[in-house]
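Chain by chain, the residues run as shown.
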Amino acid sequence: MTALATHPNQQFLSEVRAGLSRPQKRLPCKYFYDQRGSELFDQICELDEYYPTRTELTITRRYAAEMAEQIGPRAALVEYGSGSSLKTRLLLDELIDPIAYVPVEICESHLVAAAERIGKRYPLIDVLPVCTDFTQAFALPTFPRMPSHAAAYFPGSTIGNFPPEAARRLLASIRQTVGAGGGAILGIDLQKPVKVLEAAYNDAAGVTAAFNLNLLERINRELDANFSLDDFEHRADYDPEHGRIDMLLVAQREHEVEIAGEPVRFRRGETIHTEHSHKYTLDGFTRLAARAGLTVRKAWTDPRDWFAVVHLVA
Ligand code: AVJ
């Protein structure tokens, strides 16, 4: 047998190595969400400063029936990143004769848990989980009962973590997945005063800092590395040119770290970029969607216009 690159962490390791070999070091934000990272993210959602989750929830509570009407009867709801559960249930409760629920999620344990929760609560809906990386187009499962069309559901403004070209590709792949007659309901975070944005990513209790630093802890644990968390500080800045929050980890001194036997050097003050979080205008997002062949049919917002849920059609 040859030693193939099938180690479960091989993909993670090669992405970490590649990201830390660049002149501007970076780490992919999708790796935030291990067990601890998911717990910290849940805590972020409860923070006073972190407005997106609660704002989207308010919009969804208020307009779920309108969203369901836009989606139309006998749909298959295809959720990108399974089961944020509460928002999903609000929407499923209002859908008219929904045929199927398809959670799509790369983490198998999250996927199975979400599928079971929804299956129990909605015994008349066919629950058909798909375990895959949704940033690539994928085929819908075989439906035991044929829905009239598919509607993607992508809440949380996760689209904002993708730079414009990657976001356009993801929207185009959503369009391809739902096919002709399909649609999508998406959550997008909107532009607002910079001090509100920066506070949301620099909370006073330091939960976002712990969330950011947990990425280094995860690398230590899973990739046999020796980051010292005291050597890095969390920072989040608003970049007005790109209209986004950048999350960074800033090296506090010149030092060297070993990752799976190989050294990585840091200068004092050097940054690792860990996350982009784009804030849109409705016009800007409409143009982005158009470049992916999608039209914004309807947008629901909160009274301050801090967050929007949009209905897109192919
Ligand atoms: C869930 C990815 C949308 O970008 O606001 C929260 C993640 N990062 N605090 C965001 C996050 C820092 C969040 N998303």
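Anyway, here's the lowdown on the structure attached to this text. Model, not experiment: these values are computed from the prediction.

## Considerations on the overall build of the protein chain
Consideration 1: Helices and strands together make up the secondary structure of the protein chain, namely 9 helices and 14 strands.
Consideration 2: Its C-alpha atoms give the protein chain a radius of gyration of 20 Å, near enough to 20 Å, the size a compact globule of 314 residues would have.
Consideration 3: Along the first, second and third principal axes, the C-alpha set of the protein chain runs to 60 × 55 × 35 Å.
Consideration 4: With 314 residues in all, the protein chain has 38% of them scored as buried.
Consideration 5: Sequence-distant contacts, at least 24 apart, represent 70% of the contacts inside the protein chain between residues at least 6 apart.

## Some remarks on unusual backbone geometry
Consideration 1: Look at R74: it is not a glycine, yet its phi comes out positive at around 60 degrees.
Consideration 2: If you trace the backbone, R74 turns up in the loop between helix 3 (51-71) and strand 2 (75-80).
Consideration 3: The exposure class of R74 is partly exposed, given the 16 C-beta atoms found within 10 Å.
Consideration 4: With phi around 55 degrees, D224 is a residue other than glycine that occupies positive phi space.
Consideration 5: Along the chain, D224 turns up in the loop between helix 8 (207-223) and strand 8 (232-239).

## A look at the site of the ligand
Consideration 1: As a structural note, the neighbourhood of the ligand is formed by I44, P52, G156, S157, T158, G160, N161, Y201, T208, E275 and S277.
Consideration 2: Looking at the shell around the ligand, its residues break down into 3 nonpolar, 7 polar and 1 charged.

## Here we look at the pairing of strand 6 (residues 149-154)
Taken residue by residue, a regular strand's side chains alternate between the two faces of the sheet.
Consideration 1: Most of strand 6 is tucked away, with 5 of its 6 residues classed as buried.
Consideration 2: The pairing of strand 2 with strand 6 spans 5 bridges and is classified as parallel. From the neighbouring strand, L77 faces strand 6, where its bridge partner is A151.
Consideration 3: In terms of strand pairing, strand 6 meets strand 7 (residues 183-189) through 4 bridges, oriented parallel. Looking at strand 7, one finds that A152 is bridged to A184.
Consideration 4: For the crossover from strand 6 across helix 6 (residues 164-178) to strand 7, the handedness is right-handed.

## Regarding the nonpolar core
Consideration 1: Of all hydrophobic cores here, the largest spans 79 residues; its most connected members are L77, V78, A151, A152, Y153 and A184.
Consideration 2: Those residues in contact with A184 that lie beyond four places of it in its chain are A151, A152, F154, I174, V178 and L312.

## Quick notes on the environment of Y31
Consideration 1: With respect to the helices and strands, Y31 occurs in the loop between strand 1 (25-26) and helix 2 (35-46).
Consideration 2: For Y31, the residues in contact, after removing those within four places along its chain, are F12, L215 and R218.

## Digging into the sheet that holds strand 1
Consideration 1: If you trace the 4 strands from one edge of the open sheet to the other, you get 1-12-9-8, paired in mixed fashion. Edge positions in the sheet fall to strand 1 and strand 8, since each has one partner strand and no second.
Consideration 2: Note that strand 8 and strand 9 (residues 244-251) share 8 bridges and pair antiparallel. Pairing of Y238 across the sheet is with I245, part of strand 9.

## A look at the pairing of strand 3 (residues 100-105)
Consideration 1: For strand 3, the tally of buried residues reaches 6 of 6 residues, placing the bulk of the element in the interior.
Consideration 2: The alternating pattern of strand 3 places A100, V102 and V104 on one face and Y101, P103 and E105 on the opposite face, and all of these are buried.
Consideration 3: Where strand 2 and strand 3 come together, 5 bridges link them in parallel fashion. Bridging across to strand 3, E79 finds its partner in P103.
Consideration 4: Where strand 3 meets strand 5 (residues 130-131), 2 bridges bridge the pair, whose relative direction is parallel.

Criteria and cut-off values
Residues numbered from 1 in each chain as written. Predicted model: local features only at pLDDT ≥ 70, side-chain atom pairs only at ≥ 80, totals over all residues. Helix = DSSP H or I, 4+ residues; strand = E, 2+ residues; numbered from the N terminus. Rg over C-alpha atoms; globule rule 2.2 N^0.38 Å. Buried ≥ 20, exposed ≤ 12 C-beta atoms within 10 Å, placed from the backbone. Contact = placed C-beta atoms within 7 Å. Near = placed C-beta within 6 Å. Nonpolar A, V, L, I, M, F, W, Y, C, P; charged D, E, K, R; others polar. Pairing = 2+ DSSP bridges. Right-handed = clockwise from strand over helix to strand, strands pointing away. Core = buried A, V, L, I, M, F, W, Y, C linked by C-beta atoms within 7 Å.

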